[in-house]
Amino acid sequence: MVYIQNLTKSFGNFKALRGINLKLEKGQFLTIFGPNGAGKTTLIKILSTLMKPTSGVIKIAGLDLREDGESVRKQIGVISHSTYLYPNLTAYENLKFYGKMYDLQNLPATIERVLEEVGLKDRMHDLVRTYSRGMQQRLSIARAILHDPAVMFLDEPYTGLDLHAAEMLRDLLQTVHTRERTVIMTTHSISQGLEVSDLVGILVRGKLVYLEPIGKIDTQDFGKTYFYWVEQAG
Amino acid sequence: MGFFQKVWFITWKDIKAEWRTREIFSSMFIFALLVIVIFNFALDPGADPQMTLPGALWIAFTFAGVLGLNRSFILERENEAFQGLLLCPVDRGIIYLGKMLGSLLFMSLAELIALPIFMVFFNLNLLNLLPELGLVILLSTLGFISVGTLFSAMSIHTKTREVMLPVLLFPVVVPVIIGAVKATDRILAQKPLSEITSWLHLLIAFDVIFLVASFLTFEFVVEE
């Protein structure tokens with residue numbers, strides 16, 4: 001479902017990504033941990049077509065990212081620490097706008113369904129600027145799953161969330177996972193990342209230095225593993 | 001949904017947000033009004049209006065336009081909504097046209113309201129010249145906004161975007177500003193239409209060239 005071969009990204013002389021190789025099957029959930037500046041956001045931006053790679057091959061749902069950017073965007077949903085929402089539109093209007101851009105059929109019913117899922121149906125006609133940070137992030141999830149994407153990219157989705165909102169996000173990620181969506185998530189939070197993953201990776205200085213299935217990992221001691229690889233690569 | 005429906009929906013989104021806040025329109029209109037008032041006080045009452053009024057009018061319109069363009073993309077920067085727009089499975093040219101159309105509407109509206117005020121302040125009766133003047137304003141505004149939208153998107157992530165936009169924009173739109181001022185000057189002097197034909201041709205050529213060029217290059221300027 002997601003195929004990455006020898007992906008690199010440079011900004012001038014600085015190499016943000018250095019030869020990433022990855023293959024994810026349908027329904028797999030990969031969490032990538034890494035310190036600040038490791039290249040996690042750059043990787044997600046490239047996978048979501050917001051940034052051009054310097055070299056390498058990326059295929060998502062069989063589509064080449066360089067040649068079929070528009071078709072790839074139909075297949076993906078992105079959740080970031082930024083919500084991508086318009087604060088002066090209501091939740092309903094935001095989703096209606098995005099739904100129209102995705103050519104969705106039966107839009108009113110779809111919007112109501114996803115808003116119900118994220119627990120915002122009662123406030124769907126309120127302006128987004130009146131929402132708390134947690135509610136905005138829930139709406140951002142609704143925006144990302146509105147078109148039922150086959151692949152999801154999540155870049156630090158827990159950033160800035162209170163405990164309640166983080167709990168809700170975790171439940172939503174479980175739901176996303178059980179629906180056979182392929183997911184790549186980056187996060188700093190080891191406990192939250194390990195909860196939902198099938199595969200765990202560590203990205204340090206632009207290199208994916210560690211990639212293992214969750215079954216082969218001692219989740220209790222993963223903190224030590226993480227610091228070991230960060231220090232090795234540093 | 002077709003190409004033009006998507007363009008319209010992006011514009012609709014901007015109109016809807018603007019209707020609630022009136023941030024873009026009010027900043028443009030107040031700025032244009034201030035320029036008109038200042039020129040009204042600054043100019044010698046005995047001076048020949050032909051010498052200064054076209055320039056004063058277009059200073060008000062163009063600087064107000066820069067403010068509007070800046071505001072339009074600042075709203076997109078909030079919550080990084082512009083990235084959400086770029087994630088949509090639509091041709092990036094559609095995004096350009098949608099944003100351009102919104103800015104064109106807001107600037108035209110500000111001009112539509114500022115023009116009668118300009119007439120009152122400078123004691124001008126332009127009612128019988130409105131078709132020609134309206135055409136010049138429309139063509140000039142279209143040229144200005146078509147380039148301005150491209151450069152606004154280009155400077156969206158720069159820290160000094162308020163300065164960067166006019167620095168990038170004005171050298172490119174010099175032909176539009178010259179054409180607009182010269183044609184307005186001829187119209188205010190009540191010269192025959194044949195005297196502004198060449199300026200109208202310049203404005204039309206600029207609009208077509210830069211609209212097409214901006215549409216085609218937008219994809220490359222918004223990619224990081």
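Residues numbered from 1 in each chain as written. Chains lettered and ligands numbered in written order. Predicted model: local features only at pLDDT ≥ 70, side-chain atom pairs only at ≥ 80, totals over all residues. Heavy atoms only, no water.

Draft legend 1. How the structure looks around the interface of chain B and chain A. The partner chain A presents 31 residues to the 27 residues of chain B that form the contact. Summed over both sides, the interface between chain B and chain A buries roughly 3000 Å², with carbon and sulfur atoms accounting for 60% of that surface. Summed over the shared surface of chain B and chain A, the number is 3 salt bridges. Glu 93 of chain A serves as the salt-bridge partner of Lys 16 of chain B, at 3.4 Å between the closest nitrogen and oxygen. Taken together, the elements giving at least two residues each to the side of chain B that touches chain A come down to α1 (3–21) and α4 (81–86) of chain B. Sort the elements by how many residues they give to the side of chain B that touches chain A and α1 of chain B lands first, with 9 residues. (Contact = heavy atoms within 4.5 Å. Buried area = accessible area lost by both parts, 1.4 Å probe. Salt bridge = Lys/Arg side-chain N within 4 Å of Asp/Glu carboxyl O. Helix = DSSP H or I, 4+ residues; strand = E, 2+ residues; numbered from the N terminus.)

Draft legend 2. Fine view of the sheet that holds strand β5 (residues 63–64) of chain A. Residues and elements named next belong to chain A. Reading across from one edge, β2-β1-β4-β5 is the order of the 4 strands in this open sheet, with antiparallel pairing throughout. The open sheet has two edge strands with one neighbour each: β2 (14–24) and β5. Across 5 bridges, strand β1 (residues 2–11) lies against strand β4 (residues 55–60) in antiparallel orientation. Along β4, the bridge assignment pairs Ile 4 with Ile 58. (Pairing = 2+ DSSP bridges.)

Draft legend 3. Up close: the packing of helix α7 (residues 161–188) of chain B against helix α8 (residues 197–222) of chain B. All names here are of chain B. Two elements in contact, α7 and α8, have axes separated by 9 Å at closest approach and are oriented at 150°. By the angle class used here, α7 and α8 are roughly antiparallel. Once α7 is placed against α8, the crossing between them reads as left-handed. In this structure, α7 contributes Val 172, Val 173, Pro 175, Val 176, Ile 178, Gly 179, Ala 180, Lys 182 and Ala 183 to the contact, and α8 contributes Trp 199, Leu 202, Leu 203, Phe 206 and Phe 210. Its residues assigned to classes, the contact of α7 with α8 shows 12 nonpolar, 1 polar and 1 charged. (Axes fitted to C-alpha atoms, helices over the stretch in contact; angles between N-to-C directions. Parallel < 35°, antiparallel > 145°, perpendicular 65-115°, else oblique. Left-handed = near helix turned anticlockwise from the far one by under 90°. Nonpolar A, V, L, I, M, F, W, Y, C, P; charged D, E, K, R; others polar.)

Draft legend 4. Quick look at the side chain of Thr 42 of chain A. All names here are of chain A. Assignment of secondary structure puts Thr 42 in helix α1 (residues 40–47). Classification of Thr 42 by relative accessible area gives buried; the value is 13%. Beyond its immediate chain neighbours, meaning those up to four positions away, Thr 42 contacts Lys 9, Phe 11, Ala 16, Leu 17 and Met 51. (Buried < 20%, exposed > 50% of the residue type's maximum accessible area, 1.4 Å probe, protein only.)

Draft legend 5. Quick look at the environment of Ile 196 of chain B. Residue and element names in this part refer to chain B. By the secondary structure assignment, Ile 196 is in the loop between α7 and α8. Considering only alpha carbons, one finds Ile 196 and Asp 185, 11 residues apart in sequence, at a separation of 9.3 Å. Beyond its immediate sequence surroundings of up to four residues, Ile 196 is in contact with Val 136, Ala 183, Arg 186 and Ile 187.

Draft legend 6. Structural detail: a nonpolar patch on the surface. Residues and elements named next belong to chain B. Where nonpolar side chains cluster on the molecular surface, the patch consists of Ile 204, Val 208, Val 212 and Leu 216 and spans about 350 Å² of accessible area. Considering the arrangement of structural elements, one finds Leu 216 in helix α8. A residue is classified by how much of its surface remains accessible, and Leu 216, at 54% relative accessible area, is exposed. (Patch = residues over 30% accessible without salt bridge, like charges linked within 9 Å, V, L, I, M, F, W, Y side chains within 5 Å. Areas by Shrake-Rupley, 256 points an atom, 1.4 Å probe, with all protein chains shown as cover.)

Draft legend 7. A look at the pattern of salt bridges. Tallied over the entire structure, the rule returns 19 salt bridges over all chains. Between Arg 170 of chain A and Asp 171 of chain A there is a salt bridge, and its shortest N-O distance comes to 3.8 Å. The exposure class assigned to Arg 170 of chain A is partly exposed, which follows from its relative accessible area of 24%. The partner of Lys 99 of chain B in a salt bridge is Glu 76 of chain B, and the shortest N-O contact between them spans 2.9 Å. In this pair, Lys 99 of chain B sits in helix α5 (residues 92–121) while Glu 76 of chain B sits in helix α3 (residues 49–77), placing the two residues 23 residues apart along the sequence. Taken together, the shared-partner salt bridges in this structure form one network comprising Lys 13, Asp 14, Glu 76 and Lys 99 of chain B.

Scope: geometric values only; no functional claims are made or implied.
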